Amino acid sequence: MLLSKRVSAVLSASLLTLSCQATLAADSLNFVSWGGTTQDAQKQAWAAPFSKSTGIKVVQDGPTDYGKLKAMVESGNVQWDVVDVEADFALRAASEGLLEPLDFNTVKRDRIDPRFVSDHGVGSFFFSFVLGYNQGKLGASKPVDWSALFDTRTYPGKRALYKWPSPGVLELALLADGVPADKLYPLDLDRAFKKLDTIKKDIVWWGGGAQSQQLLASGEASLGQFWNGRVYALQQDGAPVGVSWKQNLVMADFLVVPKGAKNKEAAMKFLANASGAEGQAEFANLTAYAPVNLDSVDKLDSDLAPNLPTAYAADQVTLDFAYWAKNGQAIAARWNEWLVK
């Protein structure tokens, strides 16, 4: 009897421990994004209200690292619950079995712009790659379109470009070389790399938004390719930077849940909050990135209009991230080989 009581006590203690662990797991989730002002805004617009309404703590991590996400899933030791990724990666990662399917009983799919939702990801925001420049470095010379990046005589100094093999850089090179916007795809890789060769020694590469801002604000780069919200944030801080929206390249970030995430249920609730009308509008008002929720437009600050991609629809190019999801790995192999030449 005594032994039986002891065994029962041990079992009860073990069950209590497991129960507490489960409760603790549900009390928090890990959110990963790109750092800098964008993640600060995500924390303010999404994480803080979410924690207040649910009691679930949102632990910030970053920057987003695709290799790390894949390694976590393949090892079965997934430390991230919600990750902000680029749209083409979201589609590719889903095809590779790296993501959890979304719970659309929780996430309201019908209120999301259909361009920015899939079975395994919901839009975080959409944005434009724009031509940003440091006014102190260029003076009266104001670049107009992507061709300015390749005109080192008129616009001297380093060029800041996104270093990852993803939508944007190859397209802007082709546009600068005279390819019509409606003829970009499939990409003429030979032509794009040949164009980039002409300024390769003048390029400084950035891998995250905070780094891009530092390059532009400091003048280390005179001009370059930037996420529109990052340029807007610098302007709000009084940095001497300008922007051209001509040929702005539209892209999106998606929020995804890695396969095997420990706090999947909480993650789905977070996605519902982040992609909701209020969360999207609040984030847009803080960043000048455009909302993916169809009900957010009426909630935007009126003075944001000149800083949103939606104001420049007549002169923009929507990047084909489905093309990149299909061809990105082959392009990446060539890209990485070109970088080290």
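Preceding block: the structure.
Residues numbered from 1 in each chain as written. Predicted model: local features only at pLDDT ≥ 70, side-chain atom pairs only at ≥ 80, totals over all residues. Heavy atoms only, no water.

Participant: Break down helix α7 (residues 189–197) for me, with residues and values.
Facilitator: What α7 keeps buried is the set Leu189, Ala192, Phe193, Lys195 and Leu196. The buried residues of α7 occupy an angular sector of 155° when projected down its axis, which confines them to one face. Exposed side of α7, more than 90 degrees from the buried face: Asp190 and Lys194 are the residues found there. Elements that come into contact with the buried residues of α7 comprise β6 (159–162), α6 (169–176) and α12 (321–339). (Buried < 20%, exposed > 50% of the residue type's maximum accessible area, 1.4 Å probe, protein only. Helix = DSSP H or I, 4+ residues; strand = E, 2+ residues; numbered from the N terminus. Arc of directions from axis to C-beta. Contact = heavy atoms within 4.5 Å.)

Participant: Give a detailed account of the environment of Leu308, specifying residues and quantitative values.
Facilitator: Inspection of the secondary structure puts Leu308 in the loop between α11 (277–287) and β10 (316–318). Judged by relative accessible area, which is 4%, Leu308 ranks as buried. As a C-alpha pair, Leu308 and Ala284 span 24 residues in sequence and 8.6 Å in three-dimensional space. When neighbours within four sequence positions are excluded, Leu308 is seen to be in contact with Trp245, Ala288, Tyr289, Ala290 and Leu300.

Participant: Tell me about the pattern of salt bridges, residues and numbers included.
Facilitator: Oppositely charged side chains may form a pair once their charged atoms are brought near each other. This structure, assessed with the given rule, holds 13 salt bridges. Residues Asp295 and Arg111 are paired through a salt bridge, measuring 2.8 Å at the closest nitrogen-oxygen approach. With Asp295 in the loop between α11 and β10 and Arg111 in the loop between α4 (87–95) and β4 (117–118), this residue pair connects regions lying 184 residues apart in the sequence. Using a relative accessible area of 34% as the deciding quantity, one classes Asp295 as partly exposed. The partner of Lys195 in a salt bridge is Asp177, and the shortest N-O contact between them spans 3.7 Å. A residue pair is termed long-range when its members are at least 10 positions apart, and Lys195 in helix α7 and Asp177 in the loop between α6 and α7 qualify at 18 residues. A relative accessible area of 18% means that Lys195 is categorised as buried. (Salt bridge = Lys/Arg side-chain N within 4 Å of Asp/Glu carboxyl O.)

Participant: Describe in detail the packing of helix α2 (residues 36–54) against helix α10 (residues 264–274), supporting the description with residues and values.
Facilitator: Following both chains from N to C, one finds α2 and α10 inclined at 125°, their axes separated by 10 Å at the closest point. In terms of their interaxial angle, α2 and α10 are classed as oblique. Considering the relative orientation of α2 and α10, their crossing is right-handed. The residues of α10 that touch α2, namely those facing Trp46, Ala47 and Phe50, are Ala266, Lys269, Phe270, Asn273 and Ala274. Per-class residue counts for the contact of α2 with α10 are six nonpolar, one polar and one charged. (Axes fitted to C-alpha atoms, helices over the stretch in contact; angles between N-to-C directions. Parallel < 35°, antiparallel > 145°, perpendicular 65-115°, else oblique. Left-handed = near helix turned anticlockwise from the far one by under 90°. Nonpolar A, V, L, I, M, F, W, Y, C, P; charged D, E, K, R; others polar.)

Participant: Break down the nonpolar core for me, with residues and values.
Facilitator: Ranked by size, the top nonpolar core spans 110 residues in total, and within it Leu29, Leu170, Leu196, Phe270 and Leu271 carry the most contacts. No other element matches strand β9 (residues 241–256), which puts nine residues into this core. (Core = buried A, V, L, I, M, F, W, Y, C linked by side-chain atoms within 4.5 Å.)

Participant: So, the pairing of strand β3 (residues 82–86): which residues are in play, and what are the values?
Facilitator: Buried residues dominate β3, accounting for five of its five residues. Residues Val82, Asp84 and Glu86 of β3 are buried on one face, and the alternating residues Val83 and Val85, pointing to the opposite face, are buried as well. Across two bridges, the pairing between strand β1 (residues 28–32) and β3 is parallel. Note that in β3 the partner of Val32 across the bridge is Val83. Pairing of β3 with β9, which is carried by four bridges, proceeds in the antiparallel orientation. Paired with Val83 across the bridge in β9 is Val256. (Pairing = 2+ DSSP bridges.)

Participant: Go over the packing of α7 against α12 with me, naming the residues and quoting the values.
Facilitator: Following both chains from N to C, one finds α7 and α12 inclined at 25°, their axes separated by 12 Å at the closest point. By the criterion of interaxial angle, the relationship of α7 to α12 is roughly parallel. By crossing handedness, the relation of α7 to α12 is classed as right-handed. Each of Leu189, Asp190, Phe193, Leu196 and Asp197 in α7 lies in contact with α12, whose residues at this interface are Ile331, Arg334, Trp335 and Trp338.

Participant: Pulling in residues and values, what's your account of helix α8 (residues 209–218)?
Facilitator: Structural remark: α-helix, 3.6 residues per turn; residues separated by three or four positions point the same way. Burial in α8 covers these residues: Gly209, Ser212, Gln213, Leu215 and Leu216. Relative to the axis of α8, the buried residues are bounded by an arc of 165° and lie together on one face.

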